[in-house]
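# Examining the three-dimensional arrangement
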Amino acid sequence: MPLSKDKKKEYFEKMTRMLSTYDKVFVVGVDNVGSQQMNSTRKAMRGKAEILMGKNTLMRKVLGDFMEKNPGHFFAAIEEKMTGNVGFVFTNYDLPKVRDLILANRVPAPARVGAVSPVDVIVPAGPTGCDPGQTNFFQVLQIPTKIVKGQIEITTPVNLIKAGDKVGSSEAALLQKLSIRPFSYGLSIDIVFDHGSFFSVAVLDIDDAYLTGMFSMALSKVAAISLQIGYPTQASLPHSIGNAFRSLVAVTVNLDNYTFKKAQPFKDFLANPSAFAVAAAPAAGGAAPAAAAAAAPVAKVEEVDALEGGMDMFGGGGGGGGDY
């Protein structure tokens, strides 16, 4: 039934207000969505988003008038999406939260004859509640059954309908007999529009943690390439400085007459490791001092063995060695 003149005027004002107020739009499919379900979704979105439905020709007319008054506006791009059974959810709210509101309101529905199945429909094994006189009905559908306690029981799960197939009359009748409502319907998001750009709803799953991880991975690859080819970049500079510092310390610890402030702790440690072990012992607990004390004599014995009774570089005894 065509809209009255007053209704059309009201619709023009409503859509024009939305185009002027909002910057983001979800293009949604509304197949098999009833009016009661749509009203529930509108209620859940109140204060966060608005749903616009209508004939595509009427929406194009309103959009055309809006573009005449606002040439170059980014909403000109949504005209190409005004095809088929679609609606528009306008919002300035957080997109992931609005997405959740759109997808939350789904209701179970029976399998109707001729409908295209959106999912695989599997009939589970178990009692059916049907009397043995209906065995032929299951045989026609090639469903294995047996009689248990005066009723038909399905012996193994059966994939009755595959996703994308049309529902036949026999399949629909069986699902109705078993009180199975295999489908669920609600608004489906086709694409997201934000300030003139279209993108998939999957993009909204990208959060700060994901972006941080991907950025860190890219940064490490840039640093690795820069270090390999010897080309300094902001990503590789901290690694270059670290490598240079390690090289300076390596040289300094082998010099007796030169040091610098940052290298001195390393030289002190190599000169007297036991001093650092004793200093760290209180933080390690009561068992650490005993372990350090037990380790000290062992180190001393090894040092004596190395200096006494050994051979010099010409094979002679060092420090009073025995006969050879």
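Residues numbered from 1 in each chain as written. Predicted model: local features only at pLDDT ≥ 70, side-chain atom pairs only at ≥ 80, totals over all residues. Heavy atoms only, no water.

## Some points on the sheet that holds strand β1 (residues 24-29)
Here is the rule: Only when DSSP finds a minimum of two bridges between them are two strands counted as paired. Runs of E in the DSSP output that reach at least two residues are strands. Runs of H or I that reach at least four are helices, and both are numbered from the N terminus. Only the contacting stretch of a helix is used when fitting its axis, a line to C-alpha atoms as for every element, and angles between N-to-C directions run 0 to 180 degrees.
Spatial strand order, β2-β3-β1-β11-β12: five strands in an open sheet with antiparallel pairing. Sheet topology places β2 (49-52) and β12 (197-199) at the edges, where each strand pairs with a single neighbour. Sheet twist, expressed as the mean angle between neighbouring strand axes with direction ignored, is 25 degrees. Inspection of the sheet shows β2 paired to strand β3 (residues 86-91) by four bridges, in the antiparallel sense. Paired with E50 across the bridge in β3 is F90.

## Structural notes on the packing of aromatic side chains
Threshold: Geometry of aromatic contacts follows a simple scheme: Phe, Tyr and Trp rings, the Trp one being its six-membered ring, pair when their centres are within 6.5 Å, and the pair is stacked under 30 degrees between planes, edge-to-face over 60, tilted otherwise. Throughout this description, buried means an accessible area under 20% of the type-specific maximum (1.4 Å probe, protein chains only), exposed means over 50%, and partly exposed covers the range between. The criterion for a charge sitting over a ring is simple: Lys NZ or Arg CZ within 6 Å of the ring centre, and within 35 degrees of the ring normal.
Taken as a whole, this structure holds ten aromatic pairs when the rule is applied. Relative to F193, the ring of F75 has its centre 5.6 Å away and its plane inclined at 20 degrees; by these criteria the two rings are stacked. On the criterion of sequence distance, the pair formed by F75 in the loop between α3 (56-69) and β3 and F193 in strand β11 (residues 188-194) is long-range, its members being 118 residues apart. The class for F75 is buried, based on a relative accessible area of 0%. By the ring-pair criterion, three or more aromatic residues cluster together here, those being Y22, F74, F75, F90, F193 and F198. For K48, the ring lying beneath its charged end belongs to Y93, and the centroid distance is 6.0 Å. Of note, K177 hangs over the ring of F137, and the distance from its end group to the ring centre comes to 5.5 Å.

## Quick notes on the environment of F276
Definition in use: Two residues qualify as a contact provided that any one of their heavy atoms is within 4.5 Å of a heavy atom in the partner residue.
If you trace the backbone, F276 turns up in helix α10 (residues 273-284). When its relative accessible area of 37% is taken as the criterion, F276 is described as partly exposed. With sequence-adjacent residues up to four places away left out, F276 is seen in contact with P265, D268 and F269.

## Focus: the sheet that holds strand β8 (residues 151-154)
If you walk across this open sheet you meet the three strands as β6-β8-β7, and the pairing is antiparallel. Only two strands of the sheet have a single neighbouring strand rather than two, namely β6 (126-127) and β7 (145-148). With two bridges connecting them, β6 and β8 associate as antiparallel partners. For P127, the partnering residue across the bridge sits in β8 and is E153.

## Regarding the pattern of salt bridges
Filter applied, for reference: The term salt bridge refers to a pairing of a side-chain nitrogen on Lys or Arg with a carboxyl oxygen on Asp or Glu at a separation within 4 Å.
Throughout the structure, instances matching the rule amount to four salt bridges. The salt bridge involving R99 is made with D100; its shortest N-O contact spans 3.2 Å. A relative accessible area of 13% means that R99 is categorised as buried.

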